[in-house]
Every structure is written in C-alpha cells, then in structure tokens.
Amino acid sequence: MKHTLICCAFFSMVSLSLIECSKTAPKPEETDAGIFAKSVTKEGFTYYKSDSTIHRSSPQSAHSGFFRVRFNLIAYAALTDNGKLPAGGSFPVHSLVVKELHDDSTGNNPHGYAIMEKLPDDTSAAGGWVWAEYGLTGTGYTINNKGAICTSCHSTNSRDKVRVFDLFP
Ligand code: HEC
C-alpha cells in the first residue's frame, strides 16, 4: 500500500513537470478552441457575394449537403474581382473563411463548420492555411492534422485554394 502511494506521488510529480515543460515550449499561434470561437460568431463576416443563400454542395466537394461561405473583414477586402479573389491573388494573413455546413437550404439545420485561416507561419499551417472541420460543439477534424485530407482537393485553382469562386461564379 505504502509502495503504491510512493509510486503515485512519483508519477504525479513526473506528470506535473511534463506540464511545466509544455508551458514553456513554443506554442502554435492557433488552437482548435480559438479558431472555433472566431468562426461560430457571424459578427464581422460577410457572405460570399453578400448573399446568404444556402446552396447544395458541388459534386466535387467532400462536404456533402448544403453550405454557404462567409469571409471575415480581412479576407473580404481581398475580393476585388467581382466578389472573388483575383486569379493569381493571395489572401492576406489572418483571413478567415468559414463554410457553414447545413443539412438543407432552410438555414434551420446547420451541422458544422469547415474553416480555413490564413496563417502561413503557424505550426499547424499547410499551404499557407490552417484547416479545421468541426461539428456544432467544436470537435472534429483538428488543426493538428495540418489539413492532410483537405489540401489536395483545395489546390486545384489559382485563387489561393478557395474553391467556391470557380464552382459558384
Ligand atoms: C473532395 C474535395 C474536398 C475536400 C477533401 C475538402 N474540400 Fe473543402 N471544399 C471543396 C469544394 C468543391 C468546395 C466548394 C463548395 C462546395 O461545393 O461545397 C469547398 C469549400 C470549402 C470551404 C469554403 C471556401 C472554399 O474553398 O470555397 C472551406 C473553408 C473548406 N472547403 C474547408 C475544407 C477543409 C477544412 C477540409 C478538410 C477537413 C476540406 N475543405 C476538404 C472540396 C473539398
């Protein structure tokens, strides 16, 4: 019994010191909780072409169902080609693009978010963007995956990996 107690005490000390270490280690700029909190609010966002209509996803999409896309102020300011990012253009750092995922076009049945945040220097970034996809409670495809299942599908155009411009002109 005494031995068990000593063991426990030892292991708690080890785990405490591990926590201490991780506190001082360099941290990624973005976190899942952070990017989720920024994305659920609609404040400061504008829908693509200022139109909040919910569309059926293109057959080229992995996100089945219905969607609409909104841009934060920084991203929206870059949409100078008739509401689109000009071909060959690049979104500024801290651009945030949120795809609301819906079950239908009514707006009453959202089920999650697919998110791209332009943070080229972040440890979670791939191709200049941090990638995430969550259900309504903020769990799902974490930024730590570095967009492994996202980037190839999103690298098909010259508009900085945002697909909606060409598919929904
Ligand atoms: C099979 C291809 C495919 C994969 C894989 C994919 N996407 Fe998409 N994504 C699309 C298409 C196509 C659109 C355009 C809207 C639509 O048709 O649904 C899109 C739209 C988006 C948008 C809105 C901005 C834009 O590009 O139009 C975001 C944000 C997004 N996806 C994030 C992600 C994330 C994060 C992942 C990985 C977890 C991912 N996507 C994986 C095809 C894909």
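Report on the accompanying structure. (Residues numbered from 1 in each chain as written. Predicted model: local features only at pLDDT ≥ 70, side-chain atom pairs only at ≥ 80, totals over all residues. Heavy atoms only, no water.)

Points about the nonpolar core
So, step 1. Counting 19 residues, the largest nonpolar core has Val69, Phe71, Phe91, Trp129, Val162, Val164 and Phe165 as the members making the most contacts within it.
So, step 2. The set of elements that each furnish at least two residues to this core consists of strand S3 (66-72), strand S6 (129-135) and helix H5 (164-167).
So, step 3. The dominant element in this core, judged by the number of residues it contributes, is S3, at three residues.
So, step 4. Within the second largest apolar cluster, 13 residues are counted, among which are Val98, Leu119, Ala125 and Val130. (Core = buried A, V, L, I, M, F, W, Y, C linked by side-chain atoms within 4.5 Å. Buried < 20%, exposed > 50% of the residue type's maximum accessible area, 1.4 Å probe, protein only. Helix = DSSP H or I, 4+ residues; strand = E, 2+ residues; numbered from the N terminus.)

Focus on the pattern of salt bridges
So, step 1. Applying the stated criterion across every chain yields a total of seven salt bridges.
So, step 2. The partner of Asp160 in a salt bridge is Lys118, with the nearest N and O atoms 2.7 Å apart. One end of the pair, Asp160, is in the loop between helix H4 (151-154) and H5; the other, Lys118, is in strand S5 (residues 110-118), with 42 residues separating them in the sequence.
So, step 3. Here Lys118 falls in the buried class, since its relative accessible area comes to 6%.
So, step 4. Ionic pairing is found between Arg159 and Asp166, a salt bridge with its closest N-O pair at 3.4 Å.
So, step 5. Overall, the relative accessible area of 44% leaves Asp166 in the partly exposed class.
So, step 6. One salt-bridge network, in which partners are shared between bridges, spans Glu30, Lys38 and Glu117. (Salt bridge = Lys/Arg side-chain N within 4 Å of Asp/Glu carboxyl O.)

Let's talk about the packing of aromatic side chains
So, step 1. In total, this model carries nine aromatic pairs according to the counting rule given.
So, step 2. Taking the centre distance of 5.5 Å and the plane angle of 65° together, the rings of Phe91 and Trp129 count as edge-to-face. Note that Phe91 is positioned in the loop between helix H3 (73-76) and strand S4 (96-102) and Trp129 in strand S6, a separation of 38 residues in sequence. Both residues of the pair, Phe91 and Trp129, count as buried.
So, step 3. The interplanar angle of 20° and the centroid separation of 6.4 Å between the aromatic rings of Phe91 and Phe165 together place this pair among those described as stacked. You can see Phe91 sitting in the loop between H3 and S4 and its partner Phe165 sitting in helix H5, a full 74 residues away along the chain. (Phe/Tyr/Trp six-rings, centres within 6.5 Å; stacked < 30°, edge-to-face > 60°.)

Focus on the pairing of S6
So, step 1. Most of S6 sits inside the fold, with five of its seven residues counted as buried.
So, step 2. Here S5 runs beside S6; their pairing, made up of seven bridges, is antiparallel. By the bridge assignment for S6, Lys118 is matched with Trp129.
So, step 3. As defined by bridge partners, S6 adjoins strand S7 (residues 140-141) across two bridges and the pair is classed as antiparallel. The partner of Tyr134 across the bridge, within S7, is Gly140.
So, step 4. Connecting the antiparallel pair S6 and S7 is a turn made up of four residues, with Gly138 showing a positive phi of about 90°. (Pairing = 2+ DSSP bridges.)

Quick word on unusual backbone geometry
So, step 1. One non-glycine residue, Lys146, adopts positive backbone phi at about 50°.
So, step 2. Located in the positive-phi region is Asp160, a residue other than glycine, with phi close to 55°.

Description of helix H2 (residues 32-40)
So, step 1. Every buried residue of H2 is listed here: Ile35, Phe36 and Ser39. Seen from one end, H2 has its buried residues packed into an arc of 100°, which puts them on one side.
So, step 2. Residues of H2 that are buried in the fold lie against strand S1 (45-47), S3, S4, S5 and S6. (Arc of directions from axis to C-beta. Contact = heavy atoms within 4.5 Å.)

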